[in-house]
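These are the residues of each chain, in order.
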Amino acid sequence: MISTLYSLTMVVFMLSTTAPDYTFMHEATKAPKISFYDYIVVGGGAAGIPLATTLSENYSVLLLERGGSPYGNPDISKVENFGNYFFDPSPDSPSELFMSEDGVGNARPRVLGGGSSINAGFYTRDDTNFLKEARLLDENLVNSSYEFVEKVMVFEPVVKEWQSAWKGAFTEAGVTPYNGFTYDYVNGTKVGGTTFDQNGQRHTAADLLQYANPLRLSVYLHATVGKILFKTKGRTRPMAYAVVFEDASGNRHRAYLKGDQNDEIILSAGPLGSPQLLMLSGIGPKDQLDAQQIKLVLNQPSVGQGMKDNPLNAIFIPSPIPVEQSVVQVIGSLAGSQIEQVSGINFVLGSPSDYQGFSYELQSRNPTDIPSVEFNYYKDPRDLKQCVDGINTILTAIGSSAFSKFKYPNMTVQDILDLTVKLPTYLPIHANTSLSMEQFCKDTVRTIWHFHGGCQIGKVVDDDYKVIGVDTLRVIDGSTLLSAPANLLMLGRYMGHTILAQRLATEKYESGSFQGYDVD
């Protein structure tokens, strides 16, 4: 069993074992060499899928995903196989492993559905501070966007004995109030949503494609976008007009915008992919682009900067009695931190030899290479204090009467800490945890896979997620976030409706028939 602590909230989603009959989804090897669309969306993840689905209501849309389909893969679809892909360093794995400059193993999704196809399935709505930060100010649209997602892929979990014990354990430890089951972001203890259904089947963002217009949407898998093309001659600002992508056989394809002034290319490739693609296309820090001999389109020093991650610290708790297998269901939210737990699942995620090493900054012009990133875990003393407070809360909860049957009565706090640091998750092994709780946090830091930033709102994109200084190009994904985690599913749906409304208003104005509009 494991109880984990990380800073802030969490977001998730899922999928079924039977592949739906998506007539618009194909391998990129079947894509035409040249094609034309109203919108091109790069990245079929948690934000990109609801975004493309929504835009296809009225316009032709191309969705390009570098990974494969989540359907038919039992490691993705079955809750009992959760996490197997974190041991798989193969190029076909839905989870691409890498090592940050901090020496902490990490992973990013490489599959349709993005993080929703490989995460722990916990689902929550966002807090009001995030909505303001992300410029999502239409409350009705926010709520309808949540509901669009929740009716397809979110469920109330079946909370069994071990997870249920944490309700009382958290409240005894002062994580109050107890809020029961809710999707809402609340402080205290709650049972959240899950994207695993009652049969233990995962539902992912890919399930939202059932709402797409099959006549207007084209989805290509194993399509790696290497470059955005810009028109610059005779223009005061660069204008994006096409993308170049490769299929699994290495053949190149070009997809162009049709040419209407409202057509757009939208990057939803994630906190690593979107900044990388901007740089490979000539938008980024001039010194890095010069080093790779990439022609400068726009000197934008903020691209790739402001990257953050939510650190995770885990406590391993051996139980004297059998426990059910479970993913995250009951959580305890503290100021700036969240405590989660899973049981009956191997969470000792490989060794550093499984992860790809790399050096700092953009290192190549190859879009399949992982760009380097450094998160500076616990360099800020405020972060370190949050970890210490959270670990102490976990240890108090473990010692509660509500949790007593799941803990060996003679096992001390020091025994639990010593056991945790001796597990092969943490290399090198630290045999002595008596120095300080601060040192324990530093020695056992891992990731909860909530890295974000790199195309931050207000620096790289404006309040409408348009790339500053460039025409017909937006970024809508976790790279724009100032804090995380966040409900990217809702963000994709929200911005899809926003773009449709903006385009409708523009077209009505141009035709002289503008009388206002409503967004359902």
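Residues numbered from 1 in each chain as written. Predicted model: local features only at pLDDT ≥ 70, side-chain atom pairs only at ≥ 80, totals over all residues. Heavy atoms only, no water.

1. Things to note about the sheet that holds strand 23 (residues 473-475)
The parallel open sheet is built from six strands, whose spatial order is 2-12-5-4-16-23. Across the chains shown, the open sheet's two edge strands, defined by having one partner strand only, are strand 2 (25-27) and strand 23. Across the sheet, the mean angle from the axis of one strand to that of its neighbour is 20 degrees, orientation sign disregarded. With four bridges joining them, strand 4 (residues 39-42) and strand 5 (residues 61-64) adopt parallel strand pairing. Note on strand 5: the bridge partner recorded for Val 41 is Leu 63. (Pairing = 2+ DSSP bridges. Helix = DSSP H or I, 4+ residues; strand = E, 2+ residues; numbered from the N terminus. Axes fitted to C-alpha atoms, helices over the stretch in contact; angles between N-to-C directions.)

2. Remarks on helix 9 (residues 413-422)
Looking at helix 9, one finds that the buried residues are Ile 416, Leu 417, Asp 418, Thr 420 and Val 421. Residues of helix 9 that are buried sit in contact with strand 19 (311-316), helix 8 (381-398) and helix 10 (437-443). (Buried < 20%, exposed > 50% of the residue type's maximum accessible area, 1.4 Å probe, protein only. Contact = heavy atoms within 4.5 Å.)

3. Side note on the state of the cysteines
The full count for this structure, using the stated rule, is one disulfide. Two residues share a disulfide in this structure: Cys 387 and Cys 441, whose sulfurs sit 2.1 Å from each other. Since a negative S-S torsion denotes a left-handed disulfide, the Cys 387-Cys 441 link at about -95 degrees is left-handed. With Cys 387 in helix 8 and Cys 441 in helix 10, the pair connects residues that are 54 residues apart, well separated along the chain. Residues Cys 387 and Cys 441 agree in their burial class; the two are buried. (Disulfide = S-S within 2.5 Å.)

4. Describing unusual backbone geometry
Residue Pro 177 is bonded to the preceding Thr 176 through a cis peptide linkage, with omega at 0 degrees. Among the secondary structure elements, Pro 177 is positioned in the loop between helix 5 (161-172) and strand 9 (178-181). Despite not being glycine, Asn 376 shows a phi value in the positive range, around 55 degrees. Among the structural elements, Asn 376 can be located in the loop between strand 21 (337-342) and helix 8. The class of Asn 376 is partly exposed, set by a relative accessible area of 37%. Positioned with a positive phi, Trp 449 is a non-glycine residue whose angle comes to about 65 degrees. Looking at where Trp 449 falls in the secondary structure, it is placed in the loop between strand 22 (446-447) and strand 23.

5. Section: the side chain of Ser 333
Relative to the helices and strands, Ser 333 is located in strand 20 (residues 330-334). Judged by its relative accessible area of 8%, Ser 333 is buried. When near neighbours in sequence (up to four residues on either side) are disregarded, Ser 333 contacts Val 175, Val 186, Asn 187, Gly 188 and Gln 338.

6. Examining the side chain of Asp 477
By secondary structure assignment, the location of Asp 477 is in the loop between strand 23 and helix 11 (488-511). Comment: no salt bridge for buried Asp 477; closest opposite-charge side chain is Arg 108, at 9.4 Å. One polar contact links the side chain of Asp 477 to the main-chain amide nitrogen of Gly 270, over a distance of 2.8 Å. Excluding residues within four positions of it along the chain, Asp 477 makes contact with Ala 47, Leu 267, Ser 268, Ala 269, Gly 270, Ser 274, Leu 488 and Leu 491. (Lys, Arg positive; Asp, Glu negative; His and termini not counted. Salt bridge = Lys/Arg side-chain N within 4 Å of Asp/Glu carboxyl O. Polar contact = N/O pair within 3.5 Å; in protein donor to acceptor, adjacent residues only side chain to side chain.)

7. Considerations on the UniProt feature "domain: Glucose-methanol-choline oxidoreductase N-terminal" (unreviewed entry) in the chain
In the numbering used here, UniProt assigns the feature "domain: Glucose-methanol-choline oxidoreductase N-terminal" (unreviewed entry) to residues 270-284. Secondary structure content for residues 270-284 is 73% helix and 13% strand, and the end C-alpha separation is 16 Å. (UniProt positions renumbered as here; feature names shortened; annotations may be inferred.)

8. Focus: the UniProt feature "binding site: FAD" (unreviewed entry) in the chain
The feature "binding site: FAD" (unreviewed entry), as annotated in UniProt, sits at Val 111, Val 225, Trp 449, His 450 and Gly 478 in this numbering. For Val 225, the location among the structural elements is in strand 13 (residues 224-231). The exposure class assigned to Trp 449 is partly exposed, which follows from its relative accessible area of 24%.

9. As for helix 6 (residues 270-280)
Structural remark: α-helix, 3.6 residues per turn; residues separated by three or four positions point the same way. Burial within helix 6 is extensive, with 11 of its 11 residues counted as buried. Along helix 6, the residues that are buried comprise Gly 270, Pro 271, Leu 272, Gly 273, Ser 274, Pro 275, Gln 276, Leu 277, Leu 278, Met 279 and Leu 280. One or two residues past the end of helix 6 sits Gly 282, with phi positive at roughly 100 degrees.

10. Side note on the pairing of strand 20
In terms of burial, strand 20 is largely enclosed, as four of its five residues are buried. Judged from the three bridges that link them, strand 20 and strand 21 form a sheet pairing that is antiparallel. When the sheet's bridge partners are listed, Leu 334 is paired in strand 21 with Ser 337.

11. Some remarks on the nonpolar core
Ile 40, Leu 136, Ile 228, Val 243, Leu 278 and Leu 473 are the most contacted members of the largest nonpolar core, which totals 88 residues. Here this core takes eight residues from helix 11, the largest share from any one element. If sequence neighbours within four positions are ignored, Leu 278 has contacts with Ile 228, Leu 267, Ile 283, Val 303, Cys 455, Val 460, Leu 473 and Val 475. Core analysis: the next-biggest nonpolar cluster, separate from the first, contains 39 residues, Val 104, Val 330, Ile 416 and Val 445 among them. (Core = buried A, V, L, I, M, F, W, Y, C linked by side-chain atoms within 4.5 Å.)

12. Observations regarding the packing of aromatic side chains
Going through the model one piece at a time under the given rule, you end up with 20 aromatic pairs. Taking 5.5 Å as the distance between ring centres and 80 degrees as the angle between the ring planes, the aromatic pair formed by Tyr 123 and Tyr 183 counts as edge-to-face. Here Tyr 123, found in strand 8 (residues 122-123), pairs with Tyr 183, found in the loop between strand 9 and strand 10 (188-191); they are 60 residues apart in sequence, far enough to count as distant. The pair formed by Tyr 123 and Tyr 183 is uniform in burial state, with each residue classed as buried. Centre to centre, the rings of Phe 181 and Tyr 183 are 5.5 Å apart; their planes meet at 75 degrees, and the pair counts as edge-to-face. On the basis of relative accessibility, which here comes to 34%, the residue Phe 181 falls in the partly exposed class. Here Tyr 183 falls in the buried class, since its relative accessible area comes to 18%. Grouped by ring-pair contacts, the aromatic residues Trp 162, Trp 166, Phe 170, Phe 403 and Phe 406 constitute a single cluster. When the ring centre of Tyr 241 is taken as origin, the NZ or CZ atom of Lys 231, which lies over that ring, is 5.4 Å away. (Phe/Tyr/Trp six-rings, centres within 6.5 Å; stacked < 30°, edge-to-face > 60°. Lys NZ or Arg CZ within 6 Å of the ring centre and 35° of its normal.)

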